[in-house]
Each structure stands twice: as structure tokens, then as C-alpha cells.
Amino acid sequence: MLSVATINVSQENSMESVRATMERQTARRTRTDVTQMIESLFSSVKLAKDLSARCKGRALQLTDDEMQNIAQDLENALQNIYDDLGRIPASAFASNAYMDVFIKSQSMRGYSEADIPINVACSRPRRRSFRDYDTPKLADFLQGMYHESHEYGGQIFNTLPEVAEYIEPVYDAFFCPLTNEIMTDPVTIQSGVTCDRRAIQEYIEKFPDSSEPFCCPVTKMPMQSKTVMSNASLRSVIEEWTMRNEAMRVRIARTALSLSTADAMVLETLHELKLLAKLRGKNRELMHKIGVTKFLARLLDNHSAQIQCDALELLCLLAEDEEGRDIVGKTKAIARTIKLLSSNTSVGRHAAISFLLELSKSHLLLENIGSTPGTILILTTMKINNSDDPIASEKAGAVLKNLEKCTKNIKYMAESGYLEPLQSHLVDGSEEMQMEMVSFLSELVQEQELTIDITRSTSEILIKMAHSCNPMVRKAAFDVLVQLSLHRPNSKVLVDAGAVPVMIEELFIRKVDDEPVNSMASAATILANIVESGIDPDTTVVNKEGHLLTSKYSIYNFVHMLKCFMPDDLNLSIIRILLALTELPKPLATVVAVIRENHRGHAIVELMSSPMEALSLAATRLLITLSPHIGHTIAERLCKTQGQPRKLVKSISHAGRITERQAAMAMLLAKLPYRNTSLNVALVQEGAVPAILSAIKEVQNGAARSSRHAVPYMEGLVGALVRLTGTLYSPEVLKVAMDHNLALVLTELLTGPAGSDEVQRLAAVGLENLSYLSIKLSQPPPDELLSKKNNILKLLKDPKAHSNKKSSHQQVNVCLVHRGVCSPASTFCLLEAGAVEGLLSCLENDNVRVVEAALGALCTLLDERVDVEKSVAALSELDAARRVLGALRQHRQNVLWQKCFCVVEKLLEHGDDRCVREVTGDRVLPTALVSAFHRGDASTKQAAESILRRLHKMPDYSATYVSMEF
């Protein structure tokens, strides 16, 4: 196979030659007649052909001298052709008359069109030239192209490229005779025909045998050589025309976009622009320059989804280089593309995300993209929901990956719930990057209260930073850990990462005197958040020695850190830790033991008076928790702390909306031991009773029921009032109880519509305490008033007949139960106060504690010191037997059984026949008695055994009672 030789002629030299001939066209114009110039030109061409034929026919017979002479003649002929072409004016190439004369003269001489030299043939356009077009006329045409008129300059067109080709015409010489397409690399073969290199090489390759003759594919002339010669001049001309043509197409398309209102024309224009943008960068530069880019941004708001997609595809092409991205970024394309990310069609979404992916490759646009409202949120949503659209999800992830290069975007991603970039940069970034990420985290969790789930690696980095010697790094890490530990799921992660030992070391051991920021408070807060999250403190190790969070070592240090002169936030966190630990039995016992042994209760009592409401509330809650164990110690400390009782009374006084602190203070008074005389007397002296009664009245009137703390506040007030009934042996307390008629107050609380179960229980307890004093306080009546005594049964039917009258104006009544003169205020008589009906009603309550308290109060009316027979008669009138038996059926607790059996036994012993029949006729009583006898404690068994003997269910060795049978 013969190799194809290629001779390249310098393009630069050829162009200079063409320009030189154009410059000499006036200086060397010796002939003015067009016909003469053409005849001279073709004479030279014919001479060159004859010389070429002589060489071919006699190649083996010619001597060297003859070859030299032929070569010289051929060189002279070519020079003449060159000179004649140079004398032709440039304007003649656009003249049809010239071309007609040119072709006619050559036809007469026997030349075909193929014989016309290339640079002369280039002068003949395929279509009529219209270089002097006017723009308004073109605009009118483009407006009507898809409406009425398709005519422009006397021509009819179907597409925009045809318009551009008409304005910037293409020449026949540009077309390859083999492919009929414009050549990209024109070469000339031995026959003088110019073809595209690719096409002629494919033709030559069909003749692999070098000995095999082959002909010119156009002229069919036999050719001896397969050598081709590059036509640099023609290639340059084609390239220049191509550039001009494409530029014209761009401008025409821009005009069409501006003027068209038809979707079809806009779509064709966008298609044309996409083709041009793919061809070369200069076309894209021109599009940027003449405003195509800005107009495309407006098309993103078009009603047509197809136009939006095509506009996005074109914008994507225009943004392939950095300069293009910068230009696109200055338009409104980004904001409008974000809207299209939520498109209902997958094609629209994919086009939008592809364009955004291209833009995200520019460092200059990263912040612009990320700061556009909704960008990060939509992208993160697309990435997370990968099952809905895997393609969009993958590209959204790629965009987010690019956006991570701008640190501000990492913050935006975290705000949108996409935390992986922030945490990865925090773990793997430089120290400067870690500080910036920690700052972002701090801002997110503090200012925006964003809930963040952290990974173990992130926790380890933060803990390591908290253990650093750099004060600024430590402060940033502690600030973030404080906020992150508030989120309970993070607590286990922090514990696993080793946060507890670091915080314990910070509290108990580490001392940094020169550090401007005290990290102890932050460490205590982190530890409090962790302990409150529900971790198991019994398994949480705090140091290398193996001490646990619940060990005496830890609790001792916590308790001894509570001091009034320490920062409030530190004290608050320590108390929170102790409160969390006291929720478990074992650490509660340790806390109680440490406080009792080291007399540290005073510090907690003093902190209760802190002006910081949160600290005061926490201290109060801790005292409430400890009160069942060291209640008397707390009460004595309250009394010994100067002004503390007065502050307590003032704090529980209602003024406006009820606060949690008020409710806690009232609850503390209710939980401390009732029989602490010192505290009760101190409260009485500070006017606690009037303040409590006033607050209770306000709550009952509904003034403060809307507060969520109203119920515990009310229970605390009632408990504080009831606690005074535990020390009625104190003259001061007894006097205030009589002065404020506590029996009547508690009766109203017992039967009031707004009372909770706890309020009813406390009222019943208070009435029980008051009723024990009734027999002692009841005085025998004067002889002159004995005849005027009222029937006790009539009094029970109208219990409030005397409740609203002053003692001095009240009719003297003799209580048959207490055998003396009674009143609610002076003797706390339950019958006089009308409390019996309310207590019996409480027996039907589902809360066993309420039932137990009510039975306790009723049992005071069956005490041996009172007239039990009269008391049983009074209770029978109020259907006590049925209600007591009902409580016995409903509840099975030992203490309640014991009290129920006490009442039942008194009813059997002192009741009339109707009462006895009602008790003995109950079907559940025998079963309850047997069950209590089997399973009850000693007191309950004794009470059950006593009743069983009366019912002949057990032998009676005393035989002192009247026999009864079911």
C-alpha cells in the first residue's frame, strides 16, 4: 500500500500572498478590460496543463535539460496566473455580470466548471448576496416567521440558519465534491480537484495496491500519485466564513428570542443556540456579550416546561468555563433555577440540578448558590429522598459536595438538618477549620436552638478540645458540649466517648489559675445534662481509680462544692446532679448520709433564698426530696436561718400568676414533718395562716386556675395549713386554729368542687388531727342550758345552721358524742362542722389514700373517750355501713382493712338491729375477713379475728358478747 504524502503549505505565507495581491490590484492594473484579463488568465492555465501533459506522456524520454525547461515554463505560467488574479478588483467577485462573462468565456474555450481555479470559484455564492440588509426589516421578518410571513428580501425561509446563510452566503468552493459538505481541511490532489482530507483519504484507501491504477473521483482523470497538498488559503477562508456565519446566527437567534412570542420559534432558537454553543468558545463569548445569557435567565420563568428545560441546558453549556459561570452567576438564573428544583417533572428537575452542578464548580459562585433562600434545604431533601429520584439525588449530593468548599454553606447545610459536612470537617479539618466548625455548632445550638445528633468521632474531638490547654479552644468546646448534651440521645454518645471523666476532672481536680474563663460551671452543666438524660449512674465510671458516679467519693465532692459564694450556675448544676441521683434508692441513701454526717443541709437551705429563680427552685426541690429522711434537720435549719420563715411565708403568698417557685415553696412546707413545733410556731408568728387562707380563696375563686402550677400550689397550701394541726398542743398554734375556724375551712376543702384527691386527703388528715382534740376541748354544758339541748340527729340534718354566726350570738348546743358544748371553731367537732357527710363521701373515692385518710377521721368519732353508741347512731343515719363495706370491697390494703374493720366492729357492737342486719347481710364481708386473716399484718389479723368471733366464725373464749348469725 502506497503511503499518502501530504505537502503542507504555510497558512501564514498563503494569507500574506492573498493580501498582497489585493493591495496590488490597483497598482498593477495594466488591463482594464474584464474579458482580456480572463482570457489571459485561462491562457496561462492552458499552458500549465499542456506542460503537465508533456511531463506525463514523455516522463521517461525527457532529458534533464528538457525537464528543467518545462519546469521553468510551468513556473512562469503559474506566476502569470497569480499576477492576473491579483489584478482583478475585489468588488468583481460579488458581481454576477463578472461571473457570467467569466464562465461564458471559459465555456467558449472548452473549459468546464471544474477547471475554474479555487480562489476564483470562491467568488460565486450559492445564493444571492444580501450584505446590505437592514435590521428593522430582519426584525419584522423574525416576528412574522411563525405567523403570517416567511419572506425576507424576496426569499422564503423555513429555519433561522437559512436566514443567516442568506445574509452571510456560502460559496461553492467551500463544498467538498465528494461529500457535498463544507470542508474543514481542504486538500488538493494531483488532478487539481480540492476535496476534504477525510473524504479523499477514504477514497484512496480503496486502492491499497500501489500498482493498481486509480482515477480522480471527480474528473475521472488517471492519477499516478496519491499525494495530497493542504490548501491552507481555502481553509483559512472557510474558517473565517464559518466564524462570520456562526456569529451572524448567534445575533439572529438573539433577535428572535427578543421578538418572538411563539413557543415553537423560541424552542427552535434555543436549539440553534445550543448547537452553536457546542461548536466553539467564541460563540459562547458572543452570547454572553450580546445578552443571550441574561435573556435565558428570564426564560426560566416561562410557562412552558420545555422552554425552561432547553434554557437550562443552554445555560449549562454557557457555564462550562469559569468566565461563563461568573457571568451566569450575576444574573437571576440561580434563584430561578432553585424554584425549578421542585418541578413536578423529572426532566425539569434533572435539567435544573445539572445546571446547578455546573455552576457549583466555580469557587466564585459557591457562596452565592448557598445563600440563595431554599437552595440547601431543597438539595438536602433531594439527597435524603434518594428513592424518589436516584438521578437527582446523586447530582444533589455532588452539588452539596462542591458547596462544602465554602464554609458558610456548611453552616447552611447544618441548619437544614444535613450535619455530615460539619461533623466531617470538625473531625478531619485543620485546627483553624475545627475552630470555625465549633463556632458554627455553638451558634446553631445556642442562638437557633437546633437539635443536633452528634457522632462518636465528633464527640471525641470536642472532648479533646475541651481538654486542650488553649483557653479559646476550651471555651468553644465547652460551649458546644453544654448545648449538645441537652439533647438526650447525645448523652450516651458523650458517655461512650469519655466525657464523664473529663468533666469530673474539671470539677474535682483541674485548676487553671491563669484561664480567663472558668470552665467548672460548664463542666458541671454538661455532667448535669448527662445524668438527667437517664443513663445508669451505677455503671458510669468517673476516674481511673474506678469510682462510680454514685459512689461516696463522687457524692461527697458534689455536696462539698455547694457554697453560697460559688457561682450560681455552678451551684445550680451541682444541685441538678444531686437531684438526678436521688431518684435512685442507693444514691439517695448516700446523699442523705453525706449531708447528715457533714452537716451540709444549711448550704442547701441558704441557696433556697438565691435571687436566681432557677437555683432557688432547684434547691427547694432537693429539700423536698430529702425531707422524708432529714426533714427535722431541714426544719430546724430553716428556723435558725435568719429571716427564712418570713421569706417562706412571703414566697407562698399569691400575687398574680402562680409560678413554679411558689408551688415548690408551698410544697416544701407541706412535706416537712408536721410535728416540728419550732417551724410551725415560726410560721404562725410570721402570719402564715392568713396568707395561706387568702391564697386558697383566690385559687378557689378561679383567679389562678389557668396556671399549670395551680394544682401543686393548692396542694402545697393545704398541706402547709394541715401541718399546723400536728402541733395543736402548742398554745399559739391552737389559738390560730380556733381563730380561723380550721375545722370549717378543711370541711369546705373536703367537699369543695375544685379539690383534687390530694387536697381531699390532706383535709381529711387535718380533720382527724383536729377531731382528736374535740373530746378534750368540749366543755360540760351549764345546768340551765341542759333542757335546751338539741337533738343530735336534727343537727346532722342541718349541719351548717350555726356555721356563720359568731360564738357570742350562737345558740349553745350540747354534742351527744362528746358529751359537752361543741362548735367547729372552739372544739373542732366534726358533727358540728358538718364534715361527716364529706368524709363518708370520700369512702367512694378510687384513691386508696383518700379513703384511708377519711376512715382515719371517722374513727375519731368511735374512740373510747366519746359516746360510741350515739356516734354509731349518727353514722347509721348517714348510711355509713353501706359506704364502709363498699370501701372494703374495693380496696385490699392492710391499713385500710384495719380501719374498715374497726368501724364495722363498732357498728356490730353498738348499732341497732337495722345496722347489724345490713352489716351481717353483706356477702363480701366474710371473704374479706378471711382474706385479711390469712394475708394481713398483725393488727389487721387481730381486727379481722375480732369480727369473725362476733360472726361465730371463730371460737370466743371470753363469751362476753351477744351471739349473732348471718
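Remember, it's a predicted structure, so these values are computed and weren't measured experimentally.

Further remarks concern the overall build of the protein. A tally of helices and strands in the protein yields 52 helices and 10 strands. Among the 966 residues that make up the protein, the fraction classed as buried is 51%. Counting only contacts in the protein whose residues sit at least 6 apart along the sequence, the fraction spanning at least 24 positions is 69%. Of the roughly 46100 Å² that the protein leaves accessible, carbon and sulfur atoms contribute 51%.

Looking now at helix α45 (residues 835–842). When you tally the buried positions in α45, you get six out of eight residues, the bulk of the element. Those residues of α45 hidden inside the fold are in contact with α39 (742–751), α40 (757–771), α44 (830–833), α46 (848–859), α47 (868–877) and α48 (880–890).

Quick look at helix α49 (residues 894–910) now. For α49, which comprises 17 residues, the first-to-last C-alpha distance of 24 Å matches the rise-based estimate of 24 Å (1.5 Å per residue) to within 8%. Burial in α49 covers these residues: L896, W897, C900, F901, V903, V904, E905, K906, L907 and L908. Contacts made by the buried residues of α49 are with α46, α47, α48, α50 (913–920), α51 (924–935) and α52 (938–950).

This structure, assessed with the given rule, holds one cavity of 30 Å³ or more. As for the largest cavity, its lining consists of S771, Y772, I775, H818, T860, D863, R865 and V866. Within the lining of the largest cavity, the residues separate by chemical class into three nonpolar, three polar and two charged.

Within the protein, residue pLDDT values average 79, and 77% of them lie at 70 or more. Predicted confidence in the protein is weakest over strand β1 (residues 6–7), with a mean pLDDT of 36, and strongest over helix α29 (residues 568–581), with 94. The model gives residues 144–152 a pLDDT under 50, and that stretch makes 30 contacts with residues more than four places away or in other chains. Segment residues 799–810 is flagged for pLDDT under 50; beyond a separation of four residues in sequence, or across chains, it makes nine contacts in the model.

Looking at where H891 falls in the secondary structure, it is placed in the loop between α48 and α49. A relative accessible area of 6% means that H891 is categorised as buried. In this structure the side chain of H891 is engaged in a polar contact, spanning 3.4 Å, whose partner is the backbone oxygen of N845. For H891, the residues in contact, after removing those within four places along its chain, are N845, D846, V848, V851, L896 and W897.

The subject of this paragraph is the nonpolar core. Judged by nonpolar contacts, the single largest core of 190 residues is most densely connected at L507, F558 and L626. With 11 residues, the single largest contributor to this core is helix α32 (residues 613–640). Residues in contact with F558, not counting those within four places in the same chain, are I504, L507, F508, L527, L549, I574, I577 and L578. With 53 residues, the next largest nonpolar core counts C309, V328, L359 and C406 among its residues.

Moving on, we come to the environment of T194. As for its placement among the helices and strands, T194 is situated in strand β5 (residues 194–196). As a C-alpha pair, T194 and F174 span 20 residues in sequence and 9.4 Å in three-dimensional space. Separated by 3.2 Å, the side chains of T194 and T188 make a polar contact.

Note that side chains of opposite charge can pair when their charged atoms are close. Summed over all chains, the structure comprises 31 salt bridges. Of the charged contacts in the structure, one is a salt bridge between K274 and E313, with a shortest N-O distance of 2.8 Å. Residue K274 is found in helix α10 (residues 263–279), and its partner E313 is found in helix α13 (residues 305–318); the two are separated by 39 residues along the sequence. Under the relative-accessibility criterion, E313 is labelled partly exposed at 38%. In this structure, D479 engages K475 in a salt bridge whose closest nitrogen and oxygen atoms are separated by 2.9 Å. Placement of both D479 and K475 in helix α24 (residues 471–484) is noted, with a separation of four residues, approximately one turn of the helix. Among the ionic contacts, a cluster of salt bridges with common partners joins E322, R325, E358 and K361.

A pair of packed helices can be characterised by two numbers: the angle between their axes and the separation between those axes. Packing of helix α26 (residues 499–508) against helix α28 (residues 552–560) leaves a shortest axis separation of 11 Å and a crossing angle of 45°. When the axes of α26 and α28 are compared, the pair comes out oblique. Both α26 and α28 take part in a crossing whose hand is left-handed. Along its contact with α26, which presents I504, L507 and F508, the element α28 presents Y553, S554, N557 and F558. When its residues are assigned to classes, the contact of α26 with α28 shows five nonpolar, two polar and no charged.

Enumeration over the complete set of coordinates arrives at zero disulfides. Looking at the unpaired C215, the closest cysteine sulfur is the one in C216, lying at 8.5 Å.

Turning our attention to the packing of aromatic side chains. Tallying each qualifying case throughout the model produces six aromatic pairs. When the centroid spacing of 5.3 Å and the interplanar angle of 65° are considered together, the rings of Y203 and F207 count as edge-to-face. By the burial criterion, Y203 is buried, and F207 matches it. Grouping aromatic residues by their ring pairs yields a cluster made of Y171, F174 and W241.

This brings us to the packing of α47 against α49. Where α47 contacts α49, the axes come no closer than 10 Å and their chain directions differ by 105°. Taken together, the axes of α47 and α49 are roughly perpendicular relative to one another. Of the residues in α49, those touching α47 at V868, E869, V872 and S876 are K906, L907 and H910. Taken together, the residues of the contact of α47 with α49 break down into three nonpolar, two polar and two charged.

Position of L377 among the secondary structure elements: in helix α18 (residues 375–384). Through-space distance from the C-alpha of L377 to that of Y412 is 8.3 Å; in sequence the pair is 35 residues apart.

The next point concerns unusual backbone geometry. Positioned with a positive phi, N180 is a non-glycine residue whose angle comes to about 55°. Its location among the elements puts N180 in the loop between α7 (160–167) and β4 (186–188). Notably, R819 is not glycine yet its phi reads approximately 60°, a positive angle. Within the secondary structure, R819 is located in the loop between β9 (814–815) and β10 (820–821).

About the thresholds
- Per chain, the residues get numbers from 1 upward, laid out in the order the sequence is written.
- At least 70 in pLDDT is required for a residue's local features to be given in this predicted model, at least 80 for side-chain atom pairs to be given and counted, and no such filter applies to totals for whole chains, interfaces and linings, which use all residues.
- Values reported for side chains reflect all heavy atoms of the structure, with hydrogen atoms and water molecules removed beforehand.
- A helix here means a DSSP run of H or I that spans at least four residues, while a strand means a run of E at least two residues long, and both kinds are numbered starting from the N terminus.
- The cut-offs for exposure are 20% and 50% of the maximum accessible area for each residue type, with area from a 1.4 Å probe on protein chains only; residues under the lower value are buried, those over the upper are exposed, and the others partly exposed.
- Only heavy atoms matter for contacts: two residues are in contact if any of them lie within 4.5 Å across the pair.
- Here the Shrake-Rupley method, with its probe set to 1.4 Å, supplies the accessible areas, and only the displayed protein chains count as covering residues.
- Between the first and last residue of a helix there are one fewer steps than residues, each counted as 1.5 Å, and that sum is the expected span.
- A 1.4 Å probe that fits but cannot get out identifies a cavity on a 1 Å grid over protein atoms alone, an open set with protein on both sides within 12 Å along at least five of seven lines counts as a pocket, and a residue lines either if it has an atom within 4 Å of a point.
- Grid points are joined across faces, edges and corners, and a volume is the space filled by probe spheres set on the points.
- We call Asp, Glu, Lys and Arg charged. Ala, Val, Leu, Ile, Met, Phe, Trp, Tyr, Cys and Pro are nonpolar, and the rest, Gly among them, are polar.
- You can read pLDDT as the predictor saying how much it trusts each residue, on a scale of 0 to 100.
- Polar contacts, as used here, are pairs of N or O atoms within 3.5 Å; protein pairs need one atom able to donate a hydrogen and one able to accept it. Residues neighboring in sequence count only if both atoms are side-chain atoms.
- Think of a nonpolar core as a cluster: buried Ala, Val, Leu, Ile, Met, Phe, Trp, Tyr and Cys residues, connected wherever their side-chain atoms sit within 4.5 Å.
- Whenever Lys or Arg places a side-chain nitrogen within 4 Å of a carboxyl oxygen from Asp or Glu, that contact is recorded as a salt bridge.
- Each axis is a line fitted through C-alpha atoms, and for a helix only the stretch in contact is used; angles between axes span 0 to 180 degrees, taken between their N-to-C directions.
- The scheme is simple: roughly parallel for angles under 35 degrees, roughly antiparallel for over 145, roughly perpendicular for 65 to 115, oblique for anything else.
- For any pair of crossing helices, the crossing counts as left-handed if the nearer helix is rotated counterclockwise from the farther one by less than a right angle, and right-handed if it is rotated clockwise.
- The rule for a disulfide is simple: a pair of cysteine sulfur atoms within 2.5 Å.
- Centres within 6.5 Å are what make two rings of Phe, Tyr or Trp a pair, Trp counting through its six-membered ring; a difference in plane orientation under 30 degrees is then read as stacked, over 60 as edge-to-face, and the rest as tilted.

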